[in-house]
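Architecture at a glance
So you can see what is in the structure, the chains are spelled out below.
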Amino acid sequence: MKLTVYYEGPYWVGVVQDEDEGRVRAGRFVFGSEPADAEVLEFISEHLASLMESMTAEVEGKRMPTRRVNPKRLQRLAAEESRSHGVGTYAEQAIKLQMEQRKQLKRVIGKAQREELKERKREIARQKAKDKHRGR
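Below or above, wherever it landed, is the structure these notes cover.

Reading the values: rules and limits
Residues numbered from 1 in each chain as written. Predicted model: local features only at pLDDT ≥ 70, side-chain atom pairs only at ≥ 80, totals over all residues. Heavy atoms only, no water. Helix = DSSP H or I, 4+ residues; strand = E, 2+ residues; numbered from the N terminus. Expected span 1.5 Å × (residues − 1). Buried < 20%, exposed > 50% of the residue type's maximum accessible area, 1.4 Å probe, protein only. Contact = heavy atoms within 4.5 Å. Pairing = 2+ DSSP bridges. Axes fitted to C-alpha atoms, helices over the stretch in contact; angles between N-to-C directions. Salt bridge = Lys/Arg side-chain N within 4 Å of Asp/Glu carboxyl O.

**What about helix 3 (residues 89–133)?**
The terminal C-alpha atoms of helix 3 lie 66 Å apart, and with 45 residues this matches the ideal 66 Å at 1.5 Å per residue to within 8%. For helix 3, the set of buried residues is Ala91, Ala94, Ile95, Gln98 and Gly110. Close packing links the buried residues of helix 3 with strand 2 (11–20), strand 3 (23–32), helix 1 (37–54) and strand 4 (59–60).

Structure follows, in structure tokens:
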């Protein structure tokens, strides 16, 4: 699992990227102003679990070789990773996929609510029409 905090527009954003057997899941958290170390630790202890639960979309990623890596190469890779800015493309894909799933769910729920409201209005109109003819 990897947490990347970077500046995006007017806000600081944290992206959690979880890789498991070639599958990548990602979640996004907006900090607002530049977070101090204490704020990042608070996010990890309080909000990370709920963010991990909401990460449902997965993207197929590259599988890393399981062979042993030279310690100097590992150190260079770690330094390169810490210098890099932004989020990996697999994480971006996972976040985008998750947003699309939420959008689809909202559409379905919204359509059902609109239909229910239409039906309720239709029923009220029928009842009013019945009430008008009742006295004759």
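There's more to say after this.
**Remarks on the sheet that holds strand 3**
Where strands meet in a sheet, backbone hydrogen bonds hold them as pairs that are either parallel or antiparallel. Spatially, four strands are ordered 1-2-3-4 in an open sheet, and the strand pairing comes out antiparallel. Single-partner strands in this sheet number two, and they are strand 1 (2–8) and strand 4. As paired elements, strand 3 and strand 4 share two bridges and run antiparallel to each other. Bridge pairing in strand 4 links Val24 to Val59. Most of the contacts of helix 3 go to strand 3, to which it runs at about 80 degrees, and overall it touches strand 2, strand 3 and strand 4.

**Here's the deal with the pattern of salt bridges**
On inspection of all chains with the given rule, the structure shows four salt bridges. The shortest N-O distance in the salt bridge between Asp18 and Arg25 comes to 3.3 Å. You can call Asp18 buried: its relative accessible area is 16%. Linking Glu119 and Arg122 is a salt bridge whose minimum nitrogen-to-oxygen distance equals 2.8 Å. Separated by three residues within a single helix, Glu119 and Arg122 lie in helix 3, roughly one turn from each other. Glu119 sits in the partly exposed class, given a relative accessible area of 37%.

**Regarding the side chain of Asp18**
Summarising the element assignment, Asp18 is placed in strand 2. Ignoring sequence-local partners within four residues, the contact set of Asp18 consists of Met1, Arg23, Val24, Arg25, Met52 and Met55.

**Describing the pairing of strand 3**
By the bridge criterion, nine bridges tie strand 2 to strand 3 in an arrangement that is antiparallel. Note that in strand 3 the partner of Asp20 across the bridge is Arg23. The antiparallel hairpin formed by strand 2 and strand 3 contains two residues in its connecting segment, where Glu21 sits at a positive phi of about 50 degrees.

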